[in-house]
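# Survey of secondary and tertiary structure
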Amino acid sequence: MVSRCTVEGLGRVRYQLQRGKTLFIADGLAGYGSALELGLKSLIADAPVTGTVEVAATEAGDPAAFARIQAGNLEPGQALAEAYLRNNAASFAEAAEFFDLLVERSRRGAAGFTRSAEYLANQGLQQSNLSRFAEAQRLFARATQVLDGSDPIASRLVRNALAQHALNQRKPAAALAALARPVSGNIGTTDTARLAQGYIDVPLAQRLKTDDNALRALGYGSTILSPEERATILDGQALYLRGVALAAGGDLAEAQAALTGAQRSLSQVRGGRVLSILWLRAGVASELSRVAEANGQGPAALAAMAEAVALTSAQLPQSAALLAQQARQAALFARQGQADQAATLYRAVVKAAPDTPGAGQVLGPLLEPWLALLASRGDAGAASDLFDAAQILVRPGVAQTQAVLARELSGGSDEAAGLFRQSITLSRDLVRAQADLERLAQVEAPNALEQEQIAALRDKVATLGRDQTAVLARLAEYPRFRSISGGAITLASLQQALKGDEAYLKQIVLGEQSYVLVVGRDSASVHKVAATASDLGQLVKTIRDSVVVLENGRPTTYPFDAAAARRLYQLVMGPADGPGNKAVLASRHLIVEPDGALLQLPFNLMLSGDEGLAAYQARQDDPNADAFDARGLAWLGRDRIVSTATSPRAFIDVRKLAASRASNAYLGLGENAIPAQALPPVLPPPPPPAPPKGKGQKSSPVMAVAALVPPPPAPMTPLPPRDECDWPLAEWAHPISPAELKLAADLLKSAGSAVQTQGDFTDTAMMGRKDLRNYKVLHFATHGLVTAPRPECPARPALLTSFGGAGTDGLLSFREIFDLSLDADTIILSACDTAGAATASATREAGITTGGNFALDGLVRAFVGAGARAVVASHWPVPDAFDATRTLITGLFSDVGRISVGEALRRSQVRMMDVPETSHPYYWSGFAIVGDAAKPLMSLPSGQASGK
């Protein structure tokens with residue numbers, strides 16, 4: 001029996017079992033239920049029972065939320081110091097939060113925030129570190145505009161930042177050009193107060209300046225450096241960057257000269273005893289190691305790399321920067337034939353990464369040698385190691401999404417927000433206490449005072465750990481926290497969650513290399529994809545363009561490229577006789593976690609076999625046959641249901657969640673009202689529909705879908721002022737038909753359903769509704785604006801709505817979605833991968849519903865955080881032709897609650913696969929189920945049994 005309660009604000013759980021005259025009980029915090037359950041099993045068995053203990057942890061977005069809160073409460077110098085400290089530790093998402101707020105406060109003219117060029121250059125560099133190069137370039141341009149060219153420190157700072165930006169983009173020639181920029185040499189006339197900062201660097205990413213008083217408070221303890229010393233440090237950094245660029249261009253001799261010059265220059269500043277530039281010196285040593293290795297000097301390379309690790313550890317223990325240096329050292333061990341040392345160090349890096357802010361973003365390219373080694377082995381042990389490593393890799397956009405949502409949670413006023421603020425404060429205090437303890441522990445012969453400090457720090461670490469455990473146990477009950485906390489799990493945990501006929505496919509893309517891990521309940525294998533990421537991207541584009549493209553503002557489909565779909569399957573699944581392919585073919589439920597280009601394509605339209613290919617090709621070559629007849633092909637989705645997961649942990653969490661308790665079944669929302677300002681004075685007549693093909697007639701293998709007649713525009717009302725990063729009003733001129741909403745509502749009317757469109761579907765109305773949690777299914781038939789309107793603008797995923805009252809922007813942003821209160825089994829997002837003719841290409845490149853750097857981690861993550869169990873999203877609008885919409889929606893809802901949502905969708909799709917007119921994937925394959933497709937679309941009322 002399992003019972004739950006709350007004691008003094010803490011959620012608790014009790015497991016108890018009666019065996020004869022003995023009552024076994026395990027009682028404790030709900031967040032650690034897995035540990036209690038395992039302990040009880042061991043107690044009953046009177047022997048250790050193998051299992052997995054899952055522990056909640058704050059990660060990814062949590063430190064960034066802390067950064068935003070702290071930045072808003074610090075004085076200018078302190079905020080700048082904290083920003084640089086995080087940047088130097090390679091916690092770029094955190095640093096970005098600080099610099100973003102510094103830029104904002106400077107723009108508003110806040111007292112003391114007067115260093116606009118510095119703030120903008122640093123914020124640009126953080127965006128560059130996160131691979132958002134267009135936005136970085138825009139910020140650098142603004143920094144250059146406000147730069148006082150006579151300031152010797154600021155001019156050097158901007159010069160070096162531009163060089164690092166170029167190196168981040170792998171453009172060494174551009175970096176050398178940036179370093180050739182003239183800078184002021186007039187040190188003596190510079191404002192001393194402005195120059196009372198220290199400068200440090202990390203490879204390809206770092207800023208150098210920070211307030212000396214703030215540094216002392218953070219434990220750096222140096223006295224104020226002179227302006228000349230600071231200029232010397234910046235010029236030393238420029239030499240270092242020059243060495244990096246020259247080495248990247250293959251000029252090893254000049255690179256070594258530049259790096260040696262940087263080393264000499266930095267050593268001249270106070271005899272090399274400036275603690276705040278140890279990281280810069282570590283960067284120089286790391287690059288010297290690379291040059292020595294390239295020159296065939298293995299021992300010298302190993303020695304220089306060891307120095308880089310030691311310098312980083314001395315300044316920034318327990319940081320992403322240290323893990324990055326250790327990963328480089330592990331790769332060097334491997335290249336020098338020391339495989340065992342390399343494997344040991346790689347595993348240590350992977351183990352430490354989940355508790356290290358920013359590690360996932362920094363380690364990606366550095367772990368590629370480790371993944372390549374594991375893929376070459378391919379066995380279960382290698383699969384386990386790769387599974388651990390893959391979970392710590394965070395795409396830049398994911399980190400930024402988590403940071404934004406964490407910021408949103410931290411700014412709330414409910415209990416979850418309060419607990420979250422408490423947890424991130426505890427996390428930061430704990431990291432700092434551990435770092436202080438580690439520094440003191442390195443003292444060879446501590447004196448009495450130092451021994452007292454060590455003892456006090458140990459007590460502090462233990463106390464903070466206990467407090468954090470209690471807070472996290474309470475936080476784990478809130479979906480908004482679970483949606484941003486991530487959390488690594490073991491391969492064994494995933495296998496225990498899978499059923500015998502299920503397989504979990506995880507793809508990992510690092511640069512041009514791609515790896516695929518396939519996990520079954522009793523198996524695991526890994527293989528390297530025999531194609532570059534660019535090749536996969538081109539193949540996906542070829543397939544996608546044969547499904548549907550927008551031409552002259554209208555969706556147009558071509559004969560499906562079956563050969564490309566078959567080729568893609570073979571590349572992704574590996575050899576036909578390989579364990580990965582065998583596990584996929586044996587599955588009846590395939591859970592996919594795509595990466596890279598595969599985010600843009602539903603897996604169900606891949607071809608798992610050659611059956612029907614010859615006949616299909618014959619129809620393409622026969623002028624009297626129907627080129628769109630795709631019957632008989634071996635669709636991957638024909639014999640199995642397909643789920644899409646954002647991470648293994650997210651999939652397990654969704655699988656464990658209890659069903660919705662909402663009282664009503666369905667709420668349909670869509671068909672935005674067209675603002676009058678969005679339409680030209682006179683609308684041109686719609687183009688004529690494509691002429692139907694007569695029997696035996698085939699003039700062109702192109703099918704145009706008839707354009708929908710839009711509803712009349714809304715009355716002319718004033719709209720909020722718009723800027724260059726707002727979407728053009730033309731995006732509101734193409735609302736999605738509400739037909740599927742009305743059909744679904746009619747199918748579920750006995751269980752309580754409603755549809756709201758036009759003026760009732762506004763962003764302000766949605767944010768003001770208190771009854772959304774009363775619906776088990778929320779169905780949005782509207783456009784998803786998932787990229788940025790312009791490359792230099794930030795991506796802000798949102799659903800398009802009608803314009804509403806005060807404060808309206810006609811968008812339900814992913815931050816606003818995150819703040820909704822839902823209790824939904826399923827969210828359906830129809831047509832969310834389209835955003836009008838002007839942006840269709842960019843939106844498609846963004847991925848499955850959410851786009852830009854946010855991909856699956858924008859709208860989907862926001863809905864899960866708001867209280868949804870699963871999201872059914874579309875890659876393209878479901879067409880109305882040949883009753884395609886009716887067939888899919890009827891199938892999805894007719895057996896609701898009695899079969900799984902995946903099986904309901906699969907049955908509808910199979911019916912369409914077998915009809916000539918709808919056998920083309922455009923009609924049936926567009927929906928993807930993000931979550932657990934083995935669960936029903938919605939729960940049945942109490943007393944009605946659910947089928948499989």
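Let me begin by describing the structure that accompanies this report.

Basis of the calculations
Residues numbered from 1 in each chain as written. Predicted model: local features only at pLDDT ≥ 70, side-chain atom pairs only at ≥ 80, totals over all residues. Heavy atoms only, no water. Helix = DSSP H or I, 4+ residues; strand = E, 2+ residues; numbered from the N terminus. Buried < 20%, exposed > 50% of the residue type's maximum accessible area, 1.4 Å probe, protein only. Pairing = 2+ DSSP bridges. Salt bridge = Lys/Arg side-chain N within 4 Å of Asp/Glu carboxyl O. Core = buried A, V, L, I, M, F, W, Y, C linked by side-chain atoms within 4.5 Å. Domains from an automatic or database assignment. Contact = heavy atoms within 4.5 Å. Axes fitted to C-alpha atoms, helices over the stretch in contact; angles between N-to-C directions. Parallel < 35°, antiparallel > 145°, perpendicular 65-115°, else oblique. Left-handed = near helix turned anticlockwise from the far one by under 90°. Nonpolar A, V, L, I, M, F, W, Y, C, P; charged D, E, K, R; others polar. Phe/Tyr/Trp six-rings, centres within 6.5 Å; stacked < 30°, edge-to-face > 60°.

What the protein contains, in helices and strands, is 37 helices and 22 strands. Per-residue burial over the protein gives 57% buried out of 948 residues.

What follows deals with unusual backbone geometry. Working note: non-glycine residues mostly have negative phi, and peptide bonds are mostly trans. The backbone of Arg170 shows a phi angle near 60 degrees, a positive value even though the residue is not glycine. In this structure, Arg170 sits in the loop between helix H7 (152-168) and helix H8 (172-179). In this structure, Glu671 takes a positive phi of about 50 degrees despite not being glycine. By the secondary structure assignment, Glu671 is in the loop between strand E13 (664-670) and strand E14 (703-704).

Among the seven residues that make up strand E20 (residues 824-830), seven are buried, leaving the element largely enclosed by the rest of the structure. Bridge count for strand E16 (residues 775-781) against E20 is five bridges, and the pairing is parallel. Bridge pairing in E20 places Phe780 opposite Leu829.

A sheet is described by the order of its strands in space; here three strands give the open sequence E17-E18-E19, paired in antiparallel fashion. Edge positions in the open sheet fall to strand E17 (784-785) and strand E19 (811-813), since each of these has one partner strand only. The pairing of E17 with strand E18 (residues 798-800) spans two bridges and is antiparallel. The residue of E18 that forms the bridge with Leu785 is Ala798.

Looking now at the pattern of salt bridges. Scanning all chains against the criterion turns up 23 salt bridges. The residue Glu135 makes a salt bridge to Arg138 at a minimum N-O spacing of 3.9 Å. Of this pair, Glu135 and Arg138 both sit in helix H6 (residues 133-146), three residues apart, which is roughly one turn of the helix. Look at Glu135 and you get buried, because its relative accessible area is 10%.

It is worth spelling out the nonpolar core at this point. In terms of nonpolar packing, the biggest core is built from 73 residues, with Leu568 and Phe893 touching the most fellow members. If you tally residues by element for this core, the top one is helix H26 (residues 562-573), at eight residues. Here this core spans two domains, and each of domain 5 (508-639) and domain 6 (657-677 + 726-877) adds at least three residues to it. Setting aside its immediate chain neighbours within four residues, Phe893 contacts Tyr666, Ala744, Leu747, Leu748, Val777, Ile828 and Leu937. Formed by 51 residues, the second largest nonpolar core is a distinct cluster that contains Tyr84, Phe98, Leu167 and Leu259.

Their axes nearest at 8 Å, the elements helix H15 (residues 320-335) and helix H16 (residues 339-352) cross at an angle of 160 degrees. Taken together, the axes of H15 and H16 are roughly antiparallel relative to one another. Taken as a pair, H15 and H16 cross one another with a handedness that is left-handed. Facing H15, whose interface residues are Leu323, Gln326, Ala327, Gln329, Ala330, Ala331, Phe333 and Ala334, H16 presents Ala339, Gln341, Ala342, Leu345, Tyr346, Val349 and Ala352. Here the residues of the contact of H15 with H16 are counted per class, giving 12 nonpolar, three polar and no charged.

Ordered in space as E8-E7-E6-E11-E12-E22-E21-E20-E16-E13-E15, the 11 strands form an open sheet in which the pairing is mixed. The two strands at the open ends of the sheet, each matched to only one other strand, are strand E8 (523-528) and strand E15 (753-757). Shown here is a sheet whose adjacent strand axes are inclined to one another by a mean of 20 degrees, direction ignored. Contacts from helix H27 (residues 579-586) reach strand E6 (502-510), strand E7 (513-520), E8 and strand E11 (589-593) within the one sheet, and its direction differs from that of E7 by about 50 degrees. The strands touched by helix H30 (residues 739-747) are E13, E15, E16 and E20; relative to E13, the strand with the most contacts, the crossing angle is about 170 degrees.

This part takes up the packing of aromatic side chains. For the structure on display, the rule yields 10 aromatic pairs. Note on Phe761 and Phe780: the rings are 6.4 Å apart at their centroids and 50 degrees apart in plane angle, and the pair reads as tilted. Of this pair, Phe761 sits in the loop between E15 and helix H31 (763-768) while Phe780 sits in strand E16; the two residues are 19 residues apart in sequence, bridging distant segments of the chain. Judged by centre distance (5.7 Å) and plane angle (70 degrees), the ring pair of Phe882 and Tyr923 falls under edge-to-face. Of this pair, Phe882 sits in the loop between strand E21 (868-874) and helix H35 (884-894) while Tyr923 is found in helix H37 (residues 921-924), placing the two residues 41 residues apart along the sequence. Taking the relative accessible area as the measure of exposure, Phe882 reaches 45% and is therefore partly exposed. Residue Tyr923 is classed as buried on the basis of its relative accessible area of 3%. Taken together, the ring pairs in this structure connect Phe560, Trp635 and Trp924 into an aromatic cluster.

So, about the environment of Leu80. Looking at the secondary structure, you find Leu80 in helix H3 (residues 76-88). For Leu80, a relative accessible area of 1% translates into the label buried. Separated by 19 residues in sequence, Leu80 and Phe99 place their C-alpha atoms 7.7 Å apart.

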